[in-house]
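As a plain string of letters, each chain reads:
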Amino acid sequence: MRKSQVLLVGAAVALLVVLYAFGRTVPRSDKQAMSTAAPMQGGQGVEPIAFSELLETAKGKIPAEKLLLINTIETNVVRGDVKAQQIAAYKQLYNTWDSLNQLPVAAHYLGEAAKLENSEKSLTFAANLFLAHLQHAQDPRIAKWEADQASALFEQAIQLNPANDTLKISQAMVYMNTGEPMKGVAKLKEVVAKNPDNIDAQVTLANLAITSGQYDKAIERLEGVMQKHPDNAKVLFVLAESYRSKGNKQKAIELFEKSKQAMTDPELKKEVDSYIKSIQ
């Protein structure tokens, strides 16, 4: 099962089970995986850090010879009057900062290269790079800056391919976790209005209803989805969590059991069994 969905269900154990099962809404490049059991740190009211401040701090941590190299490449970026030269310089800066384990700074330069290349693939890759570090950010200002960068890159990619619903869901989850939930909800509703069979968007909206205590809305949404997808493990699991959150333990256990039967991972099935026992 593709790891492509963040599921924010009510209980911590359920959250861990679903994250393990279905991963994160944000599509990852190559075989990277990112899961998080908590909202991103750059929430509402947090001012993003200025990149100049971030860069200055990073430069204070690196050896003199590396600083000289970076300053030289930066000069090439400024002087380069050909887009291809600027892209090459940005990528060189990305590789250099990446080798120094300064991931937010590295992501910035890959993002700048992607903006100039203006391809869906490069923009999405760069956005995911920001998100890969975002879950580890200790400073909320850095997290907010990274989320803003990721959202802007996703937006540019969406402009290139408005039909790509996965990009919209990814951007929606960035909004959800950084203090702009209504923007995220609007993006998700846009997706399901056009494509009611988009399970990732439907399940994400149901999760949001669960976390806000709107259990009946989550149930109504997922019962409707289940009519066409009666054996989808994601839908069944989150529908079960909706009933559990509402207090209907018997119905929840029935659906958890059905969800488990739709799963192929034996370790995951064990996790579901453990969760069922914890709520009995």
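Reading the values: rules and limits
- Residues numbered from 1 in each chain as written.
- Predicted model: local features only at pLDDT ≥ 70, side-chain atom pairs only at ≥ 80, totals over all residues.
- Heavy atoms only, no water.
- 1 Å grid on protein atoms, 1.4 Å probe; cavity = no way out; pocket = protein on both sides within 12 Å on 5 of 7 lines; lining within 4 Å.
- Points joined across faces, edges and corners; volume = space filled by probe spheres on them.
- Helix = DSSP H or I, 4+ residues; strand = E, 2+ residues; numbered from the N terminus.
- Nonpolar A, V, L, I, M, F, W, Y, C, P; charged D, E, K, R; others polar.
- Expected span 1.5 Å × (residues − 1).
- Buried < 20%, exposed > 50% of the residue type's maximum accessible area, 1.4 Å probe, protein only.
- Arc of directions from axis to C-beta.
- Polar contact = N/O pair within 3.5 Å; in protein donor to acceptor, adjacent residues only side chain to side chain.
- Axes fitted to C-alpha atoms, helices over the stretch in contact; angles between N-to-C directions.
- Parallel < 35°, antiparallel > 145°, perpendicular 65-115°, else oblique.
- Left-handed = near helix turned anticlockwise from the far one by under 90°.
- Contact = heavy atoms within 4.5 Å.
- pLDDT = per-residue confidence, 0-100.
- Core = buried A, V, L, I, M, F, W, Y, C linked by side-chain atoms within 4.5 Å.

As annotated in an unreviewed UniProt entry, the protein chain carries the name Tetratricopeptide repeat protein and is attributed to Chitinophaga varians.

### A short note on the layout of surface pockets
Estimates place the volume of the largest pocket at around 310 Å³. Along the walls of the largest pocket sit 14 residues, with Val-185, Leu-205, Leu-208, Ala-209 and Gln-214 positioned nearest its centre. At the level of elements, helix H9 (181-194), helix H10 (199-211) and helix H11 (215-228) are the ones that each hand at least two residues to the lining of the largest pocket. Across the lining of the largest pocket, the residue classes tally to seven nonpolar, three polar and four charged. As a volume, the second largest pocket reaches approximately 260 Å³. Lining the second largest pocket are 16 residues, with Leu-54, Lys-61, Gln-102, Pro-104 and Ile-142 sitting closest to its centre. Broken down by secondary-structure element, the contributors of at least two residues to the lining of the second largest pocket are helix H2 (51-59) and helix H5 (103-117).

### A word on helix H14 (residues 266-279)
In a regular helix each residue adds 1.5 Å, so 14 residues correspond to 20 Å; H14 covers 20 Å between its end C-alpha atoms and thus fits that length. Residues of H14 that are buried: Leu-268, Val-272, Tyr-275, Ile-276 and Ile-279. Buried positions in H14, seen along its axis, are confined to an arc of 100° and lie on one side of it. Within H14, the exposed residues directed more than 90 degrees away from the buried face are Pro-266, Lys-270 and Lys-277. The opening residue of H14, the one whose side-chain oxygen lies 2.9 Å from the backbone nitrogen of Glu-267, is Asp-265.

### Describing the packing of H2 against H5
At a closest axis distance of 10 Å, the pairing of H2 and H5 adopts a crossing angle of 125°. Classified by the angle between their axes, H2 and H5 sit oblique to one another. When you trace H2 past H5, the crossing you get is left-handed. Along its contact with H2, which presents Phe-51, Leu-54, Leu-55 and Ala-58, the element H5 presents Pro-104, Val-105, His-108 and Tyr-109. Considered class by class, the residues forming the contact of H2 with H5 number seven nonpolar, one polar and no charged.

### Comments concerning the confidence of the model for the protein chain
Of the residues in the protein chain, 82% have a pLDDT of 70 or more, and the chain-wide mean is 83. Note on residues 1-17: pLDDT is under 50 here. Beyond four places in sequence and across chains, it has 63 contacts. Taken together, the stretch residues 19-40 has pLDDT below 50 and engages in 68 contacts with residues farther than four places along the chain or on a different chain.

### Quick look at H2
Those residues of H2 lying buried are Phe-51, Leu-54, Leu-55, Ala-58 and Lys-59. Buried residues in H2, looked at end-on, bunch into an arc of 130°, giving them a common side. Seen from the open side of H2, the exposed residues pointing more than 90 degrees away from its buried face are Ser-52 and Glu-56.

### Focus on the nonpolar core
Phe-51, Leu-54, Leu-93, Trp-97, Val-105, Tyr-109 and Phe-154 are the most contacted members of the largest nonpolar core, which totals 40 residues. A total of nine residues in this core trace back to one element, the largest contributor, which is helix H7 (residues 140-160). Other than its neighbours up to four places away in sequence, Trp-97 contacts Leu-55, Ala-58, Lys-59, Ile-62, Ile-70, Gln-102, Val-105, Ala-106 and Tyr-109.

### Quick look at unusual backbone geometry
The phi dihedral of Asn-101 is positive, around 65°, even though this residue is not glycine. Here Asn-101 lies in the loop between helix H4 (83-99) and H5. On the basis of relative accessible area, Asn-101 is assigned to the exposed category, the value being 58%. The backbone of Asn-118 shows a phi angle near 55°, a positive value even though the residue is not glycine. Mapped onto the secondary structure, Asn-118 falls in the loop between H5 and helix H6 (120-134).

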